[in-house]
Amino acid sequence: MLTVPELCEELQVSRSTFYNWRQKGRAPRCIKLPNGDLRVRRSDLNHWLDDREDRG
């Protein structure tokens, strides 16, 4: 599972952009841990990226 900083680094976006996407329902599916931290499964990120692939 990826942490928010790892995800942001991989996607080359800022944390504020990620949280903006999350607020708008456009971010990859997240898991909220009991301590409040977020994690993203690698498989969920890959699926999210596949859904955004430009097939034009």
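Above this text you will find the structure in question.
Bear in mind that the values here come from a model prediction, so they are computed numbers and not experimental data. All residue numbers here refer to positions counted from 1 along the written sequence of the relevant chain. Totals for whole chains, interfaces and linings use all residues, but because this is a predicted model, local features are given only for residues with pLDDT of at least 70 and pairs of side-chain atoms are given and counted only at 80 or more. As a rule here, side-chain values come from all non-hydrogen atoms in the structure, and water together with hydrogens is ignored.

(A) Molecular detail of a negative patch on the surface. Only residues whose relative accessible area exceeds 30% and that form no salt bridge are eligible for patches; like-charged ones are grouped when within 9 Å, while nonpolar side chains (Val, Leu, Ile, Met, Phe, Trp, Tyr) are grouped when within 5 Å. Shrake-Rupley sampling with a 1.4 Å probe provides the accessible areas, and residues are treated as covered by the protein chains on show and by no other component. What counts as a salt bridge is simple: a side-chain nitrogen of Lys or Arg found within 4 Å of a carboxyl oxygen of Asp or Glu. By the counting rule applied here, Lys and Arg register as positive and Asp and Glu as negative, while His and the ends of each chain are not counted. Charge placement uses NZ in Lys and CZ in Arg. For Asp and Glu, CG and CD serve respectively. Side chains of Asp 50, Asp 51, Glu 53 and Asp 54 sit close together on the surface and give a patch of like negative charge. Tracing the backbone through its elements, the reader meets Asp 54 in the segment after α3 (42-51). Labels follow the DSSP assignment, with helices taken as runs of H or I lasting at least four residues and strands as runs of E lasting at least two, numbered in each case from the N terminus.

(B) Fine view of the pattern of salt bridges. Enumeration according to the criterion identifies three salt bridges in this entry. For Glu 10, the salt bridge goes to Arg 42, with nearest N and O atoms at 2.6 Å. Taken as a pair, Glu 10 in helix α1 (residues 4-11) and Arg 42 in helix α3 lie far apart in primary sequence, 32 residues in all. Burial classes: relative accessible area under 20% of the type maximum marks a residue as buried, over 50% as exposed, and values in between as partly exposed (1.4 Å probe, protein chains only). Classification of Glu 10 as partly exposed rests on a relative accessible area of 40%. Residue Arg 42 is classed as partly exposed on the basis of its relative accessible area, which comes to 37%. Taken together, the shared-partner salt bridges in this structure form one network comprising Arg 29, Arg 41 and Asp 44.

(C) Just the nonpolar core, in detail. Here, nonpolar core means buried Ala, Val, Leu, Ile, Met, Phe, Trp, Tyr and Cys residues that are tied together by side-chain atoms lying within 4.5 Å of each other. Of all hydrophobic cores here, the largest spans 11 residues; its members are Leu 2, Val 4, Leu 7, Cys 8, Phe 18, Ala 27, Cys 30, Leu 38, Val 40, Leu 45 and Trp 48. Listed by contribution, the elements that provide at least two residues to this core are α1, β3 (38-40) and α3. Here this core gets three residues from one element, more than from any other, and that element is α1. In this description, contact between two residues means that some pair of their heavy atoms is separated by no more than 4.5 Å. In contact with Val 4, other than residues within four places in its own chain, are Arg 15, Phe 18, Tyr 19 and Leu 38.

(D) Inspection of the environment of Arg 15 at higher detail. Residue position: Arg 15 is located in helix α2 (residues 15-23). Residue classification places Arg 15 among the partly exposed positions, given a relative accessible area of 46%. Once the C-alpha coordinates of Arg 15 and Pro 5 are considered, the two residues, 10 residues apart in sequence, prove to be 7.2 Å apart. For Arg 15, the contacting residues outside a window of four places in its chain are Val 4, Pro 5 and Cys 8.

(E) The arrangement of the packing of aromatic side chains in detail. Centres within 6.5 Å make a pair out of two Phe, Tyr or Trp rings, where for Trp the six-membered ring is used; the pair is then stacked when the planes are under 30 degrees apart, edge-to-face when over 60, and tilted otherwise. The full count for this structure, using the stated rule, is two aromatic pairs. Arranged with centres 5.2 Å apart and planes meeting at 70°, the rings of Phe 18 and Tyr 19 form a pair that is edge-to-face. Owing to a relative accessible area of 38%, Tyr 19 belongs among the partly exposed residues under this scheme. On the basis of an interplanar angle of 40° and a centroid distance of 5.6 Å, the ring pair of Trp 21 and Trp 48 is categorised as tilted. Of this pair, Trp 21 sits in helix α2 while Trp 48 is found in helix α3, placing the two residues 27 residues apart along the sequence.

Note that every value here comes from positions in space, so none of it alone points to a role or purpose.
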